[in-house]
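Letter by letter, the chains look like this.
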Amino acid sequence: MSLASLARRRAYLLSRNLSNSPADAFKYSCSLTNFSRGFASGSEENDVVVIGGGPGGYVAAIKAAQLGLKTTCIEKLGTLGGTCLNVGCIPSKALLHSSHMFHEATHSFASHGVKFSSVEVDLPAMMAQKDKAVSNLTRGIEGLFKKNKVNYVKGYGKFISPSEVSVDTLEGGSTVVKGKNIIIATGSDVKSLPGITIDEKRIVSSTGALALSEVPKKLIVIGAGYIGLEMGSVWGRLGSEVTVVEFAPDIVPTMDGEIRKQFQRALEKQKMKFMLKTKVVGVDTTGNGVKLTVEPAAGGEQTALEADVVLVSAGRVPFTAGLGLDKIGVETDKAGRILVNERFVTNVPGVYAIGDVIPGPMLAHKAEEDGVACVEFIAGKHGHVDYDKVPGVVYTHPEVASVGKTEEQVKTLGVNYCVGKFPFLANSRAKAIDDADGIVKILADKESDKILGVHIMAPNAGELIHEAVLAINYDASSEDIARVCHAHPTMSEALKEAAMATYDKPIHI
């Protein structure tokens, strides 16, 4: 069909259906836009332009295309997946798994009757496996873009108007991408600390910690959050002496207090050391290693620490540098987060924001849900994300996963509640595989039995938590979980038993 014929057919169908509802006309317009996308020139206006190809951005772009919207995604890295896939979630989980296998071989295999004359770390091979996983997944997203007909522009995008983005392409040129709706999905960046310069060699961010050329004898981690504890675990398993320095009085401050204490004890058994309520006041890199000067958070006597490598893991901040937000008047808060309403719209009509650049948990899966909901709103549908029901996971060993309220939060709300717990020491599958360090804890409203929060510490807590996520999203009671038949023997039975302990009594303890 010629372009002229296609245009005439489109005009005819639109005029024929304008007598129907505006929604029907929009549907026809989107359908024909989708059909003609392959013939569109680069100068044509997009229905949706996404700046950023991370978990929030690429998911938003694919969903928009699936809904029949002409879509372009702009990504400055030249590879899709953002921080998560390239230098975050995925490579860290690859190294966590590989290092855990080594740790099991050196610490646990013999008790299972599997013995080796020697076991050694081949770090280049471990890194190659990690890189292969990342490469395969990034290419997979590009394949999804092609499948769904998402236009992909590699370059750094910045606003020149609320409907136009100038892109400095990686090839050295420039282009302007026009869009009726523009979604900012540029993610976050490493939070720097005053007086500490990250060189990604001796003083590293999580990015550098994923690419060390040798196992450091001594590693100091500044920050006891998710990322710091995960990367500390990787190198600790491979032989590093790991010390975690944390300004706050507790590790992972957002975690349920009771679970946190058990988690810290588990990490200490793995020889991870903690210096809590401690701040770094000086850094010296003049020698071969790194010397840190620390003192109590409240002030006091200073202490010197030495390390081969220091990992700065003090959190992340929204990445909006160079976007030209001030040029179009997009409002941000004091933390640099873009302010949006419940439909992800900024104060500038037609400009949206999702993921780490807006308030809410800085998690890849939260960004994905933001992306889907945002695009559904743009397409005239309904979208929704409840940040109180987004799960969080620390991928150490054991893992810690949670959803909903902590016990401290429930107490603050003044809600009368019940608590049910079940240790994995009483779970048959955990005992059978000799990996029973952990617990399930459930909080439920005392009157209605509605589940308020679930917290799990277990080898595979990140997988177990999703039964609880589903239950919380559907306002289930602890009895609802307790009366569901769980296969035996499984780790999931611990969740059932904890639910039984919440509203009645468990069987196996």
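Thresholds, definitions, all that
- Residues numbered from 1 in each chain as written.
- Predicted model: local features only at pLDDT ≥ 70, side-chain atom pairs only at ≥ 80, totals over all residues.
- Heavy atoms only, no water.
- Helix = DSSP H or I, 4+ residues; strand = E, 2+ residues; numbered from the N terminus.
- Rg over C-alpha atoms; globule rule 2.2 N^0.38 Å.
- Buried < 20%, exposed > 50% of the residue type's maximum accessible area, 1.4 Å probe, protein only.
- Contact = heavy atoms within 4.5 Å.
- Areas by Shrake-Rupley, 256 points an atom, 1.4 Å probe, with all protein chains shown as cover.
- Lys, Arg positive; Asp, Glu negative; His and termini not counted.
- Charge placed at Lys NZ, Arg CZ, Asp CG, Glu CD.
- Pairing = 2+ DSSP bridges.
- Axes fitted to C-alpha atoms, helices over the stretch in contact; angles between N-to-C directions.
- Polar contact = N/O pair within 3.5 Å; in protein donor to acceptor, adjacent residues only side chain to side chain.
- Phe/Tyr/Trp six-rings, centres within 6.5 Å; stacked < 30°, edge-to-face > 60°.
- Lys NZ or Arg CZ within 6 Å of the ring centre and 35° of its normal.
- Disulfide = S-S within 2.5 Å.
- Core = buried A, V, L, I, M, F, W, Y, C linked by side-chain atoms within 4.5 Å.

Trainee: How should the overall build of the chain be read in this particular structure?
Mentor: Counting its secondary structure elements, the chain contains 16 helices and 21 strands. Computed over its C-alpha atoms, the radius of gyration of the chain comes to 26 Å, within 12% of the 23 Å expected for a compact globule of 509 residues. C-alpha atoms of the chain, sized along the principal axes, occupy 75 × 60 × 50 Å. Out of the 509 residues in the chain, the part that is buried amounts to 47%. Within the chain, counting contacts between residues at least 6 apart in sequence, those at least 24 apart form 61% of the total. Entry remark: accessible area of the chain is about 24,500 Å², with carbon and sulfur atoms responsible for 52%. The averaged location of the 57 negative side-chain charges in the chain is 4 Å from the averaged location of its 55 positive side-chain charges.

Trainee: Mind showing me how you'd approach the sheet that holds strand E17 (residues 392-394) here?
Mentor: Two strands in a sheet stick together by hydrogen bonds in their backbones, pointing the same way (parallel) or opposite ways (antiparallel). Ordered in space as E17-E18-E21-E20-E19, the five strands form an open sheet in which the pairing is antiparallel. Taken across any chain shown, the strands that pair with only one partner, and hence form the sheet edges, are E17 and strand E19 (417-423). In this sheet, neighbouring strand axes are inclined to one another by 10° on average, regardless of whether the strands run parallel or antiparallel. For E17 and strand E18 (residues 399-404), the ladder comprises three bridges, and the chain directions are antiparallel. Each residue of the ladder has a partner; that of Gly392, found in E18, is Ser402.

Trainee: Would you mind showing me how to read unusual backbone geometry here?
Mentor: Leave glycine aside and you will find that most residues have negative phi; peptide bonds, for their part, are mostly trans. Put simply, His397 and Pro398 share a cis peptide bond, and its omega is 0°. Following the sequence through the fold, Pro398 ends up in the loop between E17 and E18. Along the chain, His488 connects to Pro489 via a cis peptide bond; the corresponding omega equals -5°. Topologically, Pro489 is positioned in the loop between helix H15 (478-482) and helix H16 (493-503). The residue Val252 is not glycine, and still its phi comes out positive at about 35°. Among the residues examined, Val252 registers a relative accessible area of 2% and is labelled buried.

Trainee: Just to check I follow, could you spell out the side chain of Ser240 for this structure?
Mentor: Secondary-structure assignment places Ser240 in the loop between helix H8 (226-237) and strand E9 (241-245). What makes Ser240 buried here is its relative accessible area of 8%. At a separation of 2.5 Å, a polar atom in the side chain of Ser240 contacts the main-chain carbonyl oxygen of Pro216. For Ser240, the contacting residues outside a window of four places in its chain are Val215, Pro216, Lys217, Leu219 and Trp235.

Trainee: Any chance you could explain the packing of aromatic side chains here in plain terms?
Mentor: With the rule as written, the count across this model stands at two aromatic pairs. Where Phe145 meets Tyr152, the ring centres are 5.8 Å apart and the plane angle is 85°; that geometry is what we call edge-to-face. With respect to class, Phe145 is no different from Tyr152; both count as buried. One residue, Lys76, lies across the ring of Phe319, its end atom 5.0 Å from the ring centre.

Trainee: How should the sheet that holds strand E8 (residues 218-222) be read in this particular structure?
Mentor: Strand order in the open sheet formed by five strands is E7-E14-E8-E9-E10, with parallel pairing between adjacent strands. Edge positions in the sheet fall to strand E7 (203-204) and strand E10 (273-275), since each of these pairs with one other strand and no more. Bridging between E8 and strand E14 (residues 309-312) involves four bridges; their strand directions are parallel. Looking across to E14, one finds that Leu219 is bridged to Val309.

Trainee: Looking at this model, I keep getting lost on the state of the cysteines. Mind explaining?
Mentor: By definition, a disulfide links the sulfur atoms of two cysteines through a covalent bond. Here the structure, examined in full by the defined rule, presents one disulfide. A disulfide bridge connects Cys84 with Cys89, and the sulfur atoms are separated by 2.5 Å. Looking along the S-S bond of the Cys84-Cys89 disulfide, the torsion reads about -130°, which is the left-handed sense. Owing to a relative accessible area of 15%, Cys84 belongs among the buried residues under this scheme. The cysteine Cys374 is free of any disulfide, with Cys73 supplying the nearest cysteine sulfur at 13 Å. Judged by its relative accessible area of 0%, Cys374 falls in the buried class.

Trainee: Looking at this structure, how should I read the nonpolar core?
Mentor: Grouped burial of nonpolar side chains is what soluble globular proteins tend to show. Counting 51 residues, the largest nonpolar core has Val50, Phe145, Phe159, Ile183, Ile184, Ile338 and Phe344 as its most contacted members. Per-element tally for this core: the top contributor is helix H3 (residues 55-66), with seven residues. Once residues within four sequence positions are removed from consideration, Phe344 is found in contact with Val351, Tyr352, Ala353, Ile354, Ile358, Asp370, Ala373, Cys374, Phe377, Val385 and Tyr387. Formed by 34 residues, the second largest nonpolar core is a distinct cluster that contains Leu96, Met126, Met231 and Phe274.

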